[in-house]
Amino acid sequence: MAAGYLDILRARHAARLLTGTLVGRLPNGTAHIAIVLFTRAEGGSYTLAGALAAAYGLATAVGQPLLGRAVDLHGQPRVQFPAAVVSALGMSLLAFTGLSSLPLAYLAVIVAGVATPPLEGGLRALWPSVLKGEGQVHRAYAMDAVAQEIMFTIGPLLVTVLVSLWSPAAALLVINAIGVLGALSVVLSEPSRTWRSAPREAHWFGALRSPGLLALLGTFFFVGLALGSITVAGVAYADDHGRESVYGWLMAALGLGALIGGLAYGARQWAGAPERRLRYIVGLLALGYLPLTLTPSVPVMTALAALAGVFLAPAIACSFIVVDRHAPRGTVTEAFSWLVTTFGVGAAVGTAVAGPAVELGSTAWSFAVAGAGGVAALVVLLSTGRVLAAPSRTPAVVAGSENDRNGAVEPGFSSGHKA
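Quick look at the structure, then. Sequence order as written defines the numbering, with residues in each chain counted from 1. Given that this is a predicted model, residues contribute local features only at a pLDDT of at least 70 and side-chain atom pairs are listed and counted only at 80 or more, while totals for whole chains, interfaces and linings are drawn from all residues. Only heavy atoms go into the side-chain values, all of them from the structure, while hydrogens and water stay out.

## What about the packing of aromatic side chains?
Here is step 1 of the chain: Side-chain rings of Phe, Tyr and Trp, where Trp is taken by its six-membered ring, are said to pair if the distance between their centres is within 6.5 Å; with planes under 30 degrees apart they count as stacked, over 60 as edge-to-face, and otherwise as tilted. Using the criterion set out here, one finds 2 aromatic pairs in the structure.
Here is step 2 of the chain: Taking 4.9 Å as the distance between ring centres and 85 degrees as the angle between the ring planes, the aromatic pair formed by Phe221 and Phe222 counts as edge-to-face.
Here is step 3 of the chain: Phe222 gets classed as partly exposed once you look at its relative accessible area, which sits at 24%.
Here is step 4 of the chain: Both rings, one in Phe320 and one in Phe336, keep their centres 6.1 Å apart while their planes meet at 85 degrees; by these two values the pair is edge-to-face. In this pair, Phe320 is assigned in helix α15 (residues 312-326) and Phe336 in helix α16 (residues 332-360), connecting sequence segments 16 residues apart. Only protein chains enter the accessibility calculation, which uses a 1.4 Å probe; a residue is then buried when its area is under 20% of its type maximum, exposed when over 50%, and partly exposed in between. Here a strand is any run of E in DSSP of at least two residues, a helix any run of H or I of at least four, and the numbering for each starts at the N terminus.

Dropping the structure here:
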């Protein structure tokens, strides 16, 4: 598996696209943490912190599919970089004006969220034009999921370091400036400049006309809810123990667990339909969230956070393949953007619910929101098994411009062809 990853990274443009996308997504990946820490530092309540983070998440949910569709129609450079600049300006407005005017603070996070560039979906659309063969493309999906966990491990630590060295406002400014540079690196690359989506059937609902995709989106709404609630619950846990650094360690442990899980998942071969396997993975993911409600000592809680993250990257990697199998022709960026969107909406709801849960109940109650989200995700998968078992069977599109649903398999899945 390590050799397979190296083969992908040796491909022309691959390392640049992966790195640029991860760096460009850093603002989005750390926004909830940065907003919560900034709000608390400004004297805002947990409820306000959760509400602002929720507003950002909901705004991202609105913007991602719209910008994803714009990318499919007009190409990446015309959409991705201008969006990254506008998003950074929104967060800069929050950093400079603070909470002196709540309507202005909400406006700032909404602008930043709506303009968040769909770099994640854009990268998955580019892989077929950069890599050779179906096997490499699907292995790149797994590598992408693992690389994201590196970002989610380093990102929280970077935010807390910036807060410690300067201030929460400085953290917002620096993180978003870095994100703009990442987006610029992507859109200046040859694959991004030359990529065009396959012709699409004119349809108002776009990618959402796929029942299987809708089932997957429902599942990841609740996975996002679980993670969003942990963002606020972790701050409350750190406050309970009187150390701000505890929060960064908990979030980093969650990302580290996902990193380990992703590497282990990609190291073996998998047989069978990815839709069925996703049910088992999400079930284990839900099981990992439940012990967090015990809120034990910091060392034990850090270990539990790492355990809770173990099945996150496998769930994401598996979901990429399921999206590929169910997304209608010509909607690849939009379909992946909808996955990001529903995840973001769930995270927004999770942060909004966890804040009052802390203030009306306890820190344990806010972690219970995460457990409930994981269980709900599993229920959605189990109740939509028949829909997910019937992926779209329209002809595959040309490699290099669009997704291939019919031949989609996971990295390591035995398909009769060598990766």
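## Things to note about α15
Here is step 1 of the chain: Expected helix span is given by 1.5 Å per residue-to-residue step, counting one fewer step than there are residues. Compared with the 21 Å implied by 1.5 Å per residue over 15 residues, the 21 Å span of α15 between its first and last C-alpha is a close match.
Here is step 2 of the chain: The element α15 is largely enclosed, with a buried count of 15 among its 15 residues.

## Comments concerning the environment of Ala31
Here is step 1 of the chain: In this fold, Ala31 is placed in helix α3 (residues 26-41).
Here is step 2 of the chain: Take Ala31: its relative accessible area is 2%, and that puts it in the buried class.
Here is step 3 of the chain: Separated by 82 residues in the primary sequence, Ala31 and Gly113 have C-alpha atoms spaced 9.2 Å apart.

## Details of the packing of helix α5 (residues 77-97) against helix α6 (residues 102-114)
Here is step 1 of the chain: In this analysis an axis means a line fitted to C-alpha atoms, helices contributing only their contacting stretch, and an angle means the value between N-to-C directions, from 0 to 180 degrees. Contact geometry of α5 with α6 gives a least axis separation of 7 Å together with a crossing angle of 155 degrees. Judged by the angle between their axes, α5 and α6 are roughly antiparallel. Crossing of α5 against α6: the hand is left-handed. Residues Val86, Ser87, Gly90, Met91, Leu93, Leu94 and Thr97 of α5 pack against Leu104, Ala105, Ala108, Val109, Val111 and Ala112 of α6.
Here is step 2 of the chain: In the scheme used here, Gly and all other residues not listed as nonpolar or charged are polar, with Ala, Val, Leu, Ile, Met, Phe, Trp, Tyr, Cys and Pro taken as nonpolar and Asp, Glu, Lys and Arg as charged. A breakdown of the residues in the contact of α5 with α6 according to their chemical character gives 10 nonpolar, 3 polar and no charged. Here the angle decides the label: under 35 degrees means roughly parallel, over 145 means roughly antiparallel, 65 to 115 means roughly perpendicular, and every other value means oblique. Crossings are classed by handedness, with left-handed meaning an anticlockwise turn of the near helix from the far one by less than a right angle and right-handed meaning a clockwise turn. The contact criterion used is simple: two residues touch if any of their non-hydrogen atoms lie within 4.5 Å.

## Regarding α5
Here is step 1 of the chain: Its 21 residues place the ends of α5 31 Å apart at the C-alpha level, agreeing with the 30 Å of an ideal helix rising 1.5 Å per residue.
Here is step 2 of the chain: Of the residues making up α5, those classed as buried are Val79, Gln80, Ala83, Ala84, Ser87, Ala88, Gly90, Met91, Ser92, Leu94 and Ala95.
Here is step 3 of the chain: Gly98 sits one or two residues past α5 and shows a positive phi near 65 degrees.

## Some remarks on the packing of helix α4 (residues 46-74) against α5
Here is step 1 of the chain: Two elements in contact, α4 and α5, have axes whose closest approach is 9 Å; the angle formed by their N-to-C orientations is 160 degrees. The angle between the axes of α4 and α5 places the two elements in the roughly antiparallel class. Considering the relative orientation of α4 and α5, their crossing is right-handed. From α4, Tyr56, Leu67, Ala70, Val71 and His74 reach across to α5, where they touch Arg78, Val79, Gln80, Ala83 and Met91.

## A word on a nonpolar patch on the surface
Here is step 1 of the chain: To count toward a patch, a residue needs a relative accessible area above 30% and no salt bridge. Like charges then connect within 9 Å, nonpolar side chains (Val, Leu, Ile, Met, Phe, Trp, Tyr) within 5 Å. All accessibility values rest on the Shrake-Rupley procedure with a 1.4 Å probe; residue burial counts only the protein chains present in the view. A carboxyl oxygen of Asp or Glu within 4 Å of a side-chain nitrogen of Lys or Arg is what we treat as a salt bridge. A cluster of nonpolar side chains, Leu284, Leu287, Leu290, Val375 and Val379, forms an exposed patch at the surface whose accessible area comes to about 420 Å².
Here is step 2 of the chain: Listing elements by their share of the nonpolar patch, those giving two or more residues are α13 (274-289) and α17 (363-383).

## Remarks on the environment of Leu67
Here is step 1 of the chain: Within the element layout of this structure, Leu67 appears in helix α4.
Here is step 2 of the chain: Among the residues examined, Leu67 registers a relative accessible area of 18% and is labelled buried.
Here is step 3 of the chain: Leu67 sits 12 residues away from Val79 along the chain, and the two C-alpha atoms are 7.0 Å apart.
Here is step 4 of the chain: Among all residues touching Leu67, those that are not within four sequence positions of it are Val79, Ala83, Val114, Ala115, Thr116, Pro117 and Pro118.

## Quick notes on the pattern of salt bridges
Here is step 1 of the chain: Taken as a whole and assessed by the stated rule, the structure comprises 3 salt bridges.
Here is step 2 of the chain: Note that Glu190 is salt-bridged to Arg12, the shortest N-O span being 3.7 Å. Taken together, the residues Glu190 in helix α10 (residues 190-194) and Arg12 in the loop between α1 (2-10) and α2 (14-24) connect sequence positions 178 residues apart.
Here is step 3 of the chain: Across the pair Asp239 and Arg40 runs a salt bridge, and its minimum N-O distance is 3.6 Å. Placement of Asp239 in helix α11 (residues 211-240) and of Arg40 in helix α3 is noted, with a sequence separation of 199 residues between them.
Here is step 4 of the chain: On the basis of relative accessible area, Arg40 is assigned to the partly exposed category, the value being 32%.

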